[in-house]
Structures are given as structure tokens and as C-alpha cells.
Amino acid sequence: MNLHLQKESTYINVGNQLNKLKMGAVALFLLLCTVASASHYRYGSINYQFVPGQPNVIDVVVKQAWRGNSFGSFPSVGDSVAIGGSGNFVIRNSNTNALILNQSMYMTVTTVNPVENWFFGEWKRRFTLPTSGTFVLEYASCCRIGYPLQNNANGSFRNETFVVVGSGNNNPVSSQTPIVSLPANLANVSFNIPAVDPD
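Notes on the structure follow.

Another point: the overall build of the protein. When helices and strands are tallied, the protein shows 1 helix and 11 strands. N-terminal to C-terminal, the α/β element order of the protein is α-β-β-β-β-β-β-β-β-β-β-β. Of the contacts made within the protein by residues no fewer than 6 positions apart, 64% connect residues no fewer than 24 positions apart. Taken as a whole, the protein presents about 12400 Å² of accessible surface, with 56% of it coming from carbon and sulfur.

Here it is in C-alpha cells:
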């Protein structure tokens, strides 16, 4: 009888060890998945222009650059890439924070760089806003590029711009390329960001 109990406790002990190994493997897998999905965002801008003669209608262009395989396989120029799983384009009232729109984005890929593992795309839409007020156009998500970035590596990010309906004032527009290569091992590096404000 003692032998039977001892044998049974041995089976239970081995079973517990196997369960601990399985749980450890699952935890390691989840940790690796988290690391694998991080550090994909490279660049973003949101621009808008009022449609002439329609003071509350705007044309919006969202431009973003991402790690090449952020959303599956590496895309080709002309592909439509679903960005919505990572975050959504949002329009909200800047005074009341009331949500006006929450929409997934499908970027049209315009540039790819397989060697540096990134792609760049645009998403264009026309929106009719309420007839007065100040509104925020926003895209927020996670995660920024990781190592060797020294400034909030793998952190969350947000692109936003403000629209004042009825002002007729379009936002400044930058022609900055999405990825800027800088020399390594220098204490300080700077570059100009080209921009124009049409009105």
C-alpha cells in the first residue's frame, strides 16, 4: 500500500513538473510574441485641406511608415495594408472630447525599402465636420521603433492636428521624407524639416 501511494505521488509530482514546464513555455511564448509585435512604427503625419466653397468639409491625408513585416508579409507598392488592427483614425471635438469618428485605415503602399525593412503609405479620405468648432484629427497606437532608439523606444505614439471649422486655415505641410538616415556614433546630429504653410 505504501508503494502504491508513493508511486501515485511520483505520478502527481511528475505531472506537476510537466504543468510547470508547460506554463513556463506558454509564458515564454507570450513574452516572445510581445517582443515580436513591438517596434514597428517609423513615421507619421496628418494633413488636411478645406474643400473650396465648403467651410466644414476637409480632405485628409495620413502618411505613415512602418516596419516592412509589421502586418504580415512585406508589402509591394500599390498594396492596401490594413493598419486598423494597430490603431484607428479618430476625429473628436477638442472642447468636449466627444467622438465624431473612429475608423480603421487601409494604407496604399507608395514606397518600400526591403533592405532597411520599411514601407511608406498614404490613406486619403474626405470628411464633413459639424458646422462649427475645433476638432482633433488623431491616430494613436503602439509601438515606436525599438533599439537603438534612445527616445521612448517601443513606446506609444500619437499623431494629431487641430482643425478650426470656418477658419479656412489649412495646416502646414511637410515634405520630409519618412526615413532620415543619420551618421552613427555622433553625440549630436541635426537636420532641417522642410515645411510650408499655404495660408
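Before going further, it helps to spend a moment on the sheet that holds strand S3 (residues 80–82). Taken together, the 5 strands give an open sheet; going across it, the order is S1-S2-S7-S6-S3, and neighbouring strands pair in antiparallel fashion. Two strands in the sheet have a free side with no partner beyond their single neighbour: strand S1 (41–51) and S3. The mean inter-strand angle of the sheet, taken between neighbouring strand axes irrespective of direction, is 30 degrees. With 10 bridges joining them, S1 and strand S2 (residues 54–67) adopt antiparallel strand pairing. Paired with glycine 44 across the strands is glutamine 64, a residue of S2.

This brings us to unusual backbone geometry. Phi is positive for asparagine 117, which is not a glycine, with a value near 60 degrees. By secondary structure assignment, the location of asparagine 117 is in the loop between strand S6 (106–113) and strand S7 (118–128). The backbone phi angle of asparagine 185 is positive, close to 65 degrees, even though this residue is not glycine. Examined against the element boundaries, asparagine 185 turns out to sit in the loop between strand S10 (173–174) and strand S11 (195–196).

Conventions we followed
Residues numbered from 1 in each chain as written. Predicted model: local features only at pLDDT ≥ 70, side-chain atom pairs only at ≥ 80, totals over all residues. Heavy atoms only, no water. Helix = DSSP H or I, 4+ residues; strand = E, 2+ residues; numbered from the N terminus. Contact = heavy atoms within 4.5 Å. Areas by Shrake-Rupley, 256 points an atom, 1.4 Å probe, with all protein chains shown as cover. Pairing = 2+ DSSP bridges. Axes fitted to C-alpha atoms, helices over the stretch in contact; angles between N-to-C directions.

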